[in-house]
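# Inside the fold
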Amino acid sequence: MDALAAIGARRSNGRLVEPAPDGDDLEAILSAGALAPDHGELRPFRFHVLRGPRMARFGEVLAGAYVARCLTEGTDPVPAKSEKERTKLGRAPLVVVVSAVRTESPKVPWIEQQQAAAAACQNILLAATALGYGSMWRTGEPVYDDTVKAALGLRPDDAIAGFLYLGTVPDDSAMAKPPRLPDLTGLVHEWNP
Ligand SMILES: Cc1cc2nc3c(=O)[nH]c(=O)nc-3n(C[C@H](O)[C@H](O)[C@H](O)COP(=O)(O)O)c2cc1C
């Protein structure tokens, strides 16, 4: 699939099943992430792969972080929300957490390091699409949670750009989405002062 076809075909799929990308396919997908534009070539992106039993263990981290946030805010944790945090990674057989590791640089502001990680996310989604996999980029409160960052070996100053869910769109899926039609209405302006 060429680049424009992959851009046109990519949709967020909320429920993905096996097979997940593995072996050469996973390497190609993560390599696409690492080829993202990166001001100063600081290589700020990190890719943490969650799968199998360790995905379930990371679900425990997410649930614990949710409860800790509630306690910090002085609210009672809602058991259903805690359970959702514990199980939500199971919406795909593989999740890649993309983060940006902060480097103090006189030339490359932190925001640009985070933008490089976001570009890596999009490269990963497009590479997965080109190889025939479904995907979805998710964030939510866990990406801003220092406990979650610490579980990935990140510092509070680092940033999680996204949880990228990867797998196969089920054949019978009512969730399989058609391509979006491009719509440039209101987006393009010929600058003419
Ligand atoms: C930075 C970022 C964070 C996102 N976080 C979520 C999320 O937490 N939950 C969610 O349902 N979708 C999330 N999305 C996916 C968007 O909702 C989705 O891309 C949008 O609805 C357009 O649909 P499409 O991806 O099928 O074209 C996120 C997308 C981006 C770029």
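Residues numbered from 1 in each chain as written. Predicted model: local features only at pLDDT ≥ 70, side-chain atom pairs only at ≥ 80, totals over all residues. Heavy atoms only, no water.

## Concerning the side chain of aspartate 158
- Among the secondary structure elements, aspartate 158 is positioned in the loop between helix 6 (146–151) and strand 4 (159–167).
- Judged by relative accessible area, which is 3%, aspartate 158 ranks as buried.
- A polar contact of 2.9 Å, which involves the side chain of aspartate 158, links it to the backbone nitrogen of arginine 102.
- Other than its neighbours up to four places away in sequence, aspartate 158 contacts Ala100, Val101, Arg102, Trp110 and Lys149. (Helix = DSSP H or I, 4+ residues; strand = E, 2+ residues; numbered from the N terminus. Buried < 20%, exposed > 50% of the residue type's maximum accessible area, 1.4 Å probe, protein only. Polar contact = N/O pair within 3.5 Å; in protein donor to acceptor, adjacent residues only side chain to side chain. Contact = heavy atoms within 4.5 Å.)

## Here we look at the site of the ligand
- The full set of residues close to the ligand is Arg10, Arg11, Ser12, Met136, Trp137, Arg138, Thr139, Gly140, Lys177 and Arg180.
- In the model, an oxygen atom of the ligand is placed 2.8 Å from a nitrogen or oxygen of the arginine 11 side chain.
- Between serine 12 and the ligand, the recorded distance is 2.5 Å, taken from a side-chain N or O atom to an oxygen atom.
- Here the ligand loses 56% of its free accessible area of 620 Å² to cover by the protein chains.
- Across the shell around the ligand, the residue classes tally to two nonpolar, three polar and five charged. (Near = heavy atom within 4 Å. Areas by Shrake-Rupley, 256 points an atom, 1.4 Å probe, with all protein chains shown as cover. Nonpolar A, V, L, I, M, F, W, Y, C, P; charged D, E, K, R; others polar.)

## Considering helix 2 (residues 23–34)
- Helix length check: helix 2, at 12 residues, gives a terminal C-alpha distance of 17 Å against a target of 16 Å (1.5 Å per residue), a fit within 8%.
- By the burial criterion, the buried members of helix 2 are Leu26, Ile29, Leu30, Ala32 and Gly33. Angularly, the buried residues of helix 2 cover 150° about the axis, an arc narrow enough to put them on a single face. Every exposed residue of helix 2 that faces more than 90 degrees away from the buried side is listed here: Asp24 and Glu27.
- On the buried face of helix 2, the contacting elements are strand 1 (45–51), strand 2 (94–100), helix 5 (110–130) and strand 4. (Expected span 1.5 Å × (residues − 1). Arc of directions from axis to C-beta.)

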